[in-house]
Amino acid sequence: MKHFDHNAHHHGFLLRQVPADARTALDVGCGAGAFAAALAARGLTVTAVDRHVEPAAAGVLFRRADVLVDDLGGPYDFVSCLATLHHLPLEPGLRRLRSLVRPGGVLAVLGLAREEGLLDRAASLASVPLNLAARLVRDDPVHAAPVTDPEQSLREVRAVADRVVPGARFRRRLFWRYSMIWRRPSADTFPDRISL
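Residues numbered from 1 in each chain as written. Predicted model: local features only at pLDDT ≥ 70, side-chain atom pairs only at ≥ 80, totals over all residues. Heavy atoms only, no water.

### A short note on the overall build of the chain
When helices and strands are tallied, the chain shows five helices and seven strands. Going residue by residue from the N terminus, the α and β elements of the chain occur as α-β-α-β-β-β-α-β-α-α-β-β. A buried classification covers 49% of the 196 residues belonging to the chain. Taking contacts inside the chain between residues at least 6 apart in sequence as the whole, the part at least 24 apart equals 67%. Summed over all atoms, the accessible surface of the chain reaches about 10000 Å², with 54% contributed by carbon and sulfur. (Helix = DSSP H or I, 4+ residues; strand = E, 2+ residues; numbered from the N terminus. Buried < 20%, exposed > 50% of the residue type's maximum accessible area, 1.4 Å probe, protein only. Contact = heavy atoms within 4.5 Å. Areas by Shrake-Rupley, 256 points an atom, 1.4 Å probe, with all protein chains shown as cover.)

What follows is the structure, encoded as structure tokens:
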């Protein structure tokens, strides 16, 4: 039986965000490596990093690393961060992700946010029957990575993003996720220092 994975449900959308001329990609918090493998299957040279899980993804350079402190190379044409940003201190984490994107490159975040207000609750309720139906057909995956509830609401994440990655596009998504897509300007003058 095929596993059901809330993040994998959004892989198609995220893959469509990869720039047409992209050659390199970094997948931060890669988990078992499914998305990193999908990037590699598109012909990209992919580096995948995680602090907890050793993926088994063919064609991917895996590094056990901490995104905030370790040298991850780059910059990259495409940086993905799936269900990981809420594990990091928000502003330093987002600044670090930004620093890994080359001018003209794309940062794609699939995030989790704390529910706040009626719109968040409505989106959450819409996911419940779909989640139950999907699990009737597919199993839940076995997670080796830590699970943490998000502390920030989507409103709070957007406020930080407005400062750090201005112009990022946000969208609420099914299965308790949001997407944030940001293209780094070609003539970018942002300082890329991070402070914890």
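That was the structure; now back to the text.
### Side note on helix α2 (residues 34-41)
Here α2 has its buried residues at Phe35, Ala36, Leu39 and Ala40. Mapping the buried residues of α2 onto a view down its axis gives an arc of 145 degrees, with all of them on the same face. Away from its buried face by more than 90 degrees, α2 exposes Ala34 and Ala41. Elements that come into contact with the buried residues of α2 comprise α1 (11-15), β1 (24-28), β2 (45-50), β3 (60-64) and β4 (76-82). (Arc of directions from axis to C-beta.)

### Focus on the pattern of salt bridges
One side chain can pair with another of opposite charge once the charged atoms of both are near each other. Going through the model one piece at a time under the given rule, you end up with seven salt bridges. It is possible to trace a salt-bridge network through shared partners that takes in Asp21, Asp77 and Arg102. (Salt bridge = Lys/Arg side-chain N within 4 Å of Asp/Glu carboxyl O.)

### As for the confidence of the model for the chain
On average, residues of the chain score 84 in pLDDT, and 77% of them reach the 70 mark or higher. Per-residue pLDDT, averaged within each element of the chain, yields its smallest value for helix α4 (residues 118-137) (55) and its largest for β1 (98). (pLDDT = per-residue confidence, 0-100.)

### A few points about the environment of histidine 10
Inspection of the secondary structure puts histidine 10 in the segment before α1. Given a relative accessible area of 5%, histidine 10 falls into the buried group. Separated by 165 residues in sequence, histidine 10 and phenylalanine 175 place their C-alpha atoms 9.4 Å apart. Ignoring any residue separated from it by four or fewer positions in sequence, one finds histidine 10 in contact with Leu110, Arg173, Leu174, Phe175 and Arg177.

### A look at the nonpolar core
Core analysis: the largest hydrophobic core is formed by 30 residues, its most contacted members being Val79, Leu85, Leu94, Leu97, Leu107 and Met180. At the level of elements, β1, β4, α3 (90-99), β5 (101-111), α5 (154-164) and β7 (177-183) are the ones that each hand at least two residues to this core. Among the elements that line this core, the one with the most residues is α5, at five residues. Not counting the four nearest positions on each side in its chain, methionine 180 is found in contact with Leu94, Leu107, Ala108, Val109, Ala161, Val165, Ala168, Arg169 and Phe170. Core analysis: the second largest hydrophobic core is formed by 23 residues, Leu14, Leu15, Ala40 and Val46 among them. (Core = buried A, V, L, I, M, F, W, Y, C linked by side-chain atoms within 4.5 Å.)

### Some details on the sheet that holds β4
Pairing within the open sheet is mixed, and its seven strands lie in the order β3-β2-β1-β4-β5-β7-β6. Lying at the two open borders of the sheet, with one neighbouring strand each, are β3 and β6 (169-173). In this sheet, adjacent strand axes meet at a mean angle of 15 degrees when their direction is disregarded. Strand contacts of α2: β1, β2, β3 and β4, with the helix running at about 155 degrees to β4, the strand carrying the most contacts. Set on the sheet, α5 makes contact with β6 and β7; between it and β6 the angle comes to about 165 degrees. (Pairing = 2+ DSSP bridges. Axes fitted to C-alpha atoms, helices over the stretch in contact; angles between N-to-C directions.)

### Re the side chain of histidine 11
Here histidine 11 lies in helix α1. Assessed through its relative accessible area of 14%, histidine 11 is described here as buried. In contact with histidine 11, not counting residues within four places along its chain, are Ala34, Phe35 and Leu82.

### Structural notes on α5
When α5 is considered as a whole, its buried residues turn out to be Leu154, Val157, Val160, Ala161 and Val164. The arc enclosing the buried residues of α5, seen along the axis, measures out at 125 degrees, which places them on a common side. Those residues of α5 that are exposed and angled more than 90 degrees off the buried face are Arg155 and Asp162. Buried residues belonging to α5 abut α3, β6 and β7.

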